[in-house]
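Summary of the model geometry
Chain residues, written in single-letter form:
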Amino acid sequence: MNKLHIKKNDTVIVLAGEDKGKTGKVLKVLVEKQRAIVEGINIVSKSTKPSAKNPQGGIVKQEAPIHISNLSLIDPKSGKATRISIKKTEDGKKIRIAKKSGEEIK
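Residues numbered from 1 in each chain as written. Predicted model: local features only at pLDDT ≥ 70, side-chain atom pairs only at ≥ 80, totals over all residues. Heavy atoms only, no water.

Quick look at the sheet that holds strand β3 (residues 35-38)
- The strand order across the open sheet formed by six strands is β6-β3-β2-β1-β7-β8, and the pairing between neighbours is antiparallel. Since the sheet does not close on itself, it has two edges, and those belong to β6 (66-67) and β8 (81-82), each with one partner.
- Bridge count between β3 and β6: two bridges; the pairing is antiparallel. Among the inter-strand pairings, R35 is bridged to a residue of β6, identified as H67. (Pairing = 2+ DSSP bridges. Helix = DSSP H or I, 4+ residues; strand = E, 2+ residues; numbered from the N terminus.)

Laid out in structure tokens, this is it:
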């Protein structure tokens, strides 16, 4: 399986779908399904039964996973969508670099 270009806590922009153009922070990456859960993106309504945690039950709004191909990292310099390249440093560490600006992505 291919390595994913998006990690937890990255800031991403949505390229396709209902939330196209919106930005958010990645909360979780589902590697096997190649999907990510992004804060405030792809909100769905879910019916829940009453439980100890939620005694009232009812309809809860929550984020649903979105496919990785519909997300792009945000360039730290310009704030626009960018592709990334991976570069090795002298000490052998891999760092992600934005293709547009050449800036390192933290």
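Now that the structure is up, let's keep going.
Section: the environment of K46
- Position of K46 relative to the elements: it lies in strand β4 (residues 43-48).
- The partly exposed category is assigned to K46, whose relative accessible area is 42%.
- As for K46 and V60, which are separated by 14 residues in sequence, their C-alpha atoms are 5.2 Å apart. (Buried < 20%, exposed > 50% of the residue type's maximum accessible area, 1.4 Å probe, protein only.)

Some details on the layout of surface pockets
- Taken as a whole, the largest pocket encloses approximately 350 Å³ of empty space.
- Looking at the largest pocket, the residues that line it are K3, L4, H5, K7, I84, I86, K94, I95, R96, E104, I105 and K106.
- The set of elements that each furnish at least two residues to the lining of the largest pocket consists of β9 (84-88), β10 (94-98) and β11 (104-105).
- When residues of the lining of the largest pocket are assigned to their parent elements, the largest contribution, three residues, is made by β10.
- Here the residues of the lining of the largest pocket are counted per class, giving five nonpolar, one polar and six charged. (1 Å grid on protein atoms, 1.4 Å probe; cavity = no way out; pocket = protein on both sides within 12 Å on 5 of 7 lines; lining within 4 Å. Points joined across faces, edges and corners; volume = space filled by probe spheres on them. Nonpolar A, V, L, I, M, F, W, Y, C, P; charged D, E, K, R; others polar.)

Describing the environment of K88
- Relative to the elements of secondary structure, K88 occurs in strand β9.
- Beyond its immediate stretch of four places on either side in the chain, K88 contacts K93 and K94. (Contact = heavy atoms within 4.5 Å.)

Side note on the nonpolar core
- Residues I6, V12, V26, V38, I66, L71 and L73 are the most contacted members of the largest nonpolar core, which totals 14 residues.
- The set of elements that each furnish at least two residues to this core consists of β1 (11-14), β3 and β7 (71-74).
- If we skip the residues at most four places from it in the chain, L73 touches H5, I6, D10, T11, V12, K80, A81, T82, I84, R96 and I105. (Core = buried A, V, L, I, M, F, W, Y, C linked by side-chain atoms within 4.5 Å.)

Let's talk about the UniProt feature "domain: KOW" (unreviewed entry) in the protein
- Per the UniProt record, "domain: KOW" (unreviewed entry) is found at residues 5-32.
- Regarding residues 5-32, the helix share stands at 0% and the strand share at 43%, and the terminal C-alpha atoms are separated by 14 Å. (UniProt positions renumbered as here; feature names shortened; annotations may be inferred.)

With respect to the sheet that holds β9
- If you trace the three strands from one edge of the open sheet to the other, you get β9-β10-β11, paired in antiparallel fashion. The strands lining the two open edges of the sheet, one partner per strand, are β9 and β11.
- Where β10 and β11 come together, two bridges link them in antiparallel fashion. By the bridge assignment for β11, R96 is matched with I105.

Description of the pattern of salt bridges
- Inspection of the entire model under this criterion finds three salt bridges.
- A salt bridge links K22 to D19; the nearest nitrogen and oxygen atoms lie 3.2 Å apart.
- Given the relative accessible area of 41%, K22 is considered partly exposed.
- Take D19: its relative accessible area is 11%, and that puts it in the buried class.
- When the shortest N-O distance is used, the salt bridge between K106 and E104 registers 3.9 Å.
- Classification of K106 as exposed rests on a relative accessible area of 80%. (Salt bridge = Lys/Arg side-chain N within 4 Å of Asp/Glu carboxyl O.)

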